[in-house]
Amino acid sequence: MPKVSVIVPNYNHAAYLPKRLESIYQQTFQDFEVVILDDCSKDNSREIINAYRERPNTHILFNAKNTGSPFAQWRKGLAQVKGEFIWIAESDDYADPEFLEQLVSILDANPSVGLVYSRSWLVNSTNKVLGDSTVWTNDLDPERWQHNYVNSGKAEIEQFLLQKNCIPNASAVLLRESVVRRVSLPDTNYRLCGDWLYWMRILAQSDIAFVANPLNYWRQDSSNARVPNAGTLEWLEGQKVLGYGLDVISADELTRVQTLFTFLQRCWEWQRAYIENISESKTHDNNLTGLNLDSLKHRLVKLWGR
């Protein structure tokens, strides 16, 4: 049985697949299997993937019909794997050669940890480094993600994940299979916040570790999951994620209202102009599935003031 199972879900990332796959096969830690999935790509992804068919411990699965959901692909991949640890290596990202070596050692040394992740470099379509993932977490704590740490899973939820998804890229994560089997994947209807919910479900069952060394390269502006009108879908999905996390920590009513209000403010900031336009025009009702964020904001303010 391989120590690590690597799942590579792909859709229309032919331009990035060779670098993604080579960064896996060139890892310094070599005890792994690879499951490559393609969700009916319209580019030449399958031609590229087929070139790896003869690699040792490599399994290739081509869908006959597009699922339209990364979590459907995750589920299909998880049904195939046998490793003690699981790496969902998204097809547009790539990794440092020591990614597995360093993260596997953390899981081996800390049996209570179900999720370990590394800092990421942010890269563009030509692999130019644009910065690192601390730009996403510095507003929460500018020092915390500068150092390695291990934390209680529930404490991580309460202290950080109830503010935002501070594990923003799945490619930076290595999971313990025994924990993964105890939790369910997000519904396939999730388009943006499903990974956030999944991390919370895992951390409700286990602890977390972080490696400050940037070992993952997170591709910007290439995700198939991103949608227009940022801030709107984040709220619609994010409030459900926060509800789950608040249940995990048995939050009181005031904490629930404060948490939702703070997140609503974040969504408001992400796309203020768009949301203000929605509050003035009924033509956008379909985008919000009937939810008026402006009125909800005032309702939460009223509740918070009780």
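Since this is a predicted model, take the numbers as computed values, not measurements.

**Q** How would you sum up the overall build of the protein? Please name residues and give values.
**A** Each helix and strand in the protein was counted, giving 13 helices and 10 strands. When burial is assessed residue by residue, the protein has 54% of its 306 residues classed as buried. As displayed, the protein has an accessible area near 13900 Å², and 47% of this comes from carbon and sulfur atoms.

**Q** I'd like a description of the pairing of strand β10 (residues 207-219), backed by residues and values.
**A** Of all the 13 residues making up β10, 11 are buried; the element is thus mostly covered by neighbouring parts of the structure. Pairing of strand β6 (residues 113-123) with β10, which is carried by nine bridges, proceeds in the parallel orientation. Residue Leu115 lies in a different strand from β10, and its bridge partner there is Ile208. Relative to β10, strand β8 (residues 149-151) is paired through three bridges, and the arrangement is antiparallel. Along β10, the bridge assignment pairs Val150 with Ala209.

**Q** Account for the nonpolar core, naming residues and giving values.
**A** Ranked by internal contacts, the top residues of the largest apolar core, which has 54 residues, are Leu115, Tyr117, Leu175, Tyr198 and Trp199. Residues within four places of Trp199 in sequence aside, it is in contact with Trp74, Leu115, Asn165, Ile167, Ala170, Val173 and Leu175. Listed in part, the 32 residues of the second largest apolar core include Ile49, Ala95, Ile106 and Val113.

**Q** So what's going on with the side chain of Ser5? Residues and values would help.
**A** Within the secondary structure, Ser5 sits in strand β1 (residues 4-10). Polar side-chain contacts of Ser5 include one of 3.3 Å to the backbone nitrogen of Lys82. Separated by 2.7 Å, the side chain of Ser5 and the backbone nitrogen of Gly83 make a polar contact. Residues within four places of Ser5 in sequence aside, it is in contact with Glu33, Val81, Lys82, Gly83, Phe85, Ile86 and Trp87.

**Q** Requested: an account of the packing of helix α8 (residues 194-203) against helix α9 (residues 232-248), with residues and values cited.
**A** Packing of α8 against α9 brings their axes to within 9 Å, and their N-to-C directions diverge by 5°. By the angle between their axes, α8 is roughly parallel relative to α9. Together, Gly194, Trp196, Leu197, Met200 and Arg201 of α8 and Glu237, Gly238, Val241, Leu242, Tyr244 and Gly245 of α9 make up the contact between the two elements. Classifying every residue of the contact of α8 with α9 gives six nonpolar, three polar and two charged.

**Q** Can you lay out helix α10 (residues 253-270) for me, pointing to particular residues and giving the numbers?
**A** Since the α-helix advances by 3.6 residues per turn, residues separated by three or four positions end up pointing in the same direction. If you check α10, its first and last C-alpha atoms are 26 Å apart, about what 18 residues at 1.5 Å a residue would give, namely 26 Å. When α10 is considered as a whole, its buried residues turn out to be Val257, Thr259, Phe261, Phe263, Leu264, Arg266, Cys267 and Trp268.

**Q** An account of helix α4 (residues 99-109) is needed here, citing residue identities and associated values.
**A** All of the buried residues in α4 are Phe99, Leu100, Leu103, Val104, Ile106 and Leu107. Looking straight down α4, one finds that the buried residues subtend no more than 155° of arc, so they occupy a single side.

**Q** Got a sec to walk through the packing of aromatic side chains? Specific residues and values, please.
**A** Per the stated rule, a full pass over the model turns up 13 aromatic pairs. Seen from their ring centres, Tyr149 and Phe210 are 5.4 Å apart, and the 25° between their planes marks the pair as stacked. Of the two residues, Tyr149 sits in strand β8 while Phe210 sits in strand β10, which places them 61 residues apart along the sequence. Taken as a pair, Tyr149 and Phe210 share a single burial class, namely buried. An aromatic cluster is defined as three or more aromatic residues linked by ring pairs; in this entry it consists of Phe71, Trp74, Tyr198 and Trp199. Lying over the aromatic face of Tyr149, Arg144 brings its terminal NZ or CZ to 3.7 Å of the ring centre. Over the ring of Tyr244 we find Arg201, and its NZ or CZ is 5.9 Å from the ring centre.

What counts, and at which threshold
- Residues numbered from 1 in each chain as written.
- Predicted model: local features only at pLDDT ≥ 70, side-chain atom pairs only at ≥ 80, totals over all residues.
- Heavy atoms only, no water.
- Helix = DSSP H or I, 4+ residues; strand = E, 2+ residues; numbered from the N terminus.
- Buried < 20%, exposed > 50% of the residue type's maximum accessible area, 1.4 Å probe, protein only.
- Areas by Shrake-Rupley, 256 points an atom, 1.4 Å probe, with all protein chains shown as cover.
- Pairing = 2+ DSSP bridges.
- Core = buried A, V, L, I, M, F, W, Y, C linked by side-chain atoms within 4.5 Å.
- Contact = heavy atoms within 4.5 Å.
- Polar contact = N/O pair within 3.5 Å; in protein donor to acceptor, adjacent residues only side chain to side chain.
- Axes fitted to C-alpha atoms, helices over the stretch in contact; angles between N-to-C directions.
- Parallel < 35°, antiparallel > 145°, perpendicular 65-115°, else oblique.
- Nonpolar A, V, L, I, M, F, W, Y, C, P; charged D, E, K, R; others polar.
- Expected span 1.5 Å × (residues − 1).
- Arc of directions from axis to C-beta.
- Phe/Tyr/Trp six-rings, centres within 6.5 Å; stacked < 30°, edge-to-face > 60°.
- Lys NZ or Arg CZ within 6 Å of the ring centre and 35° of its normal.

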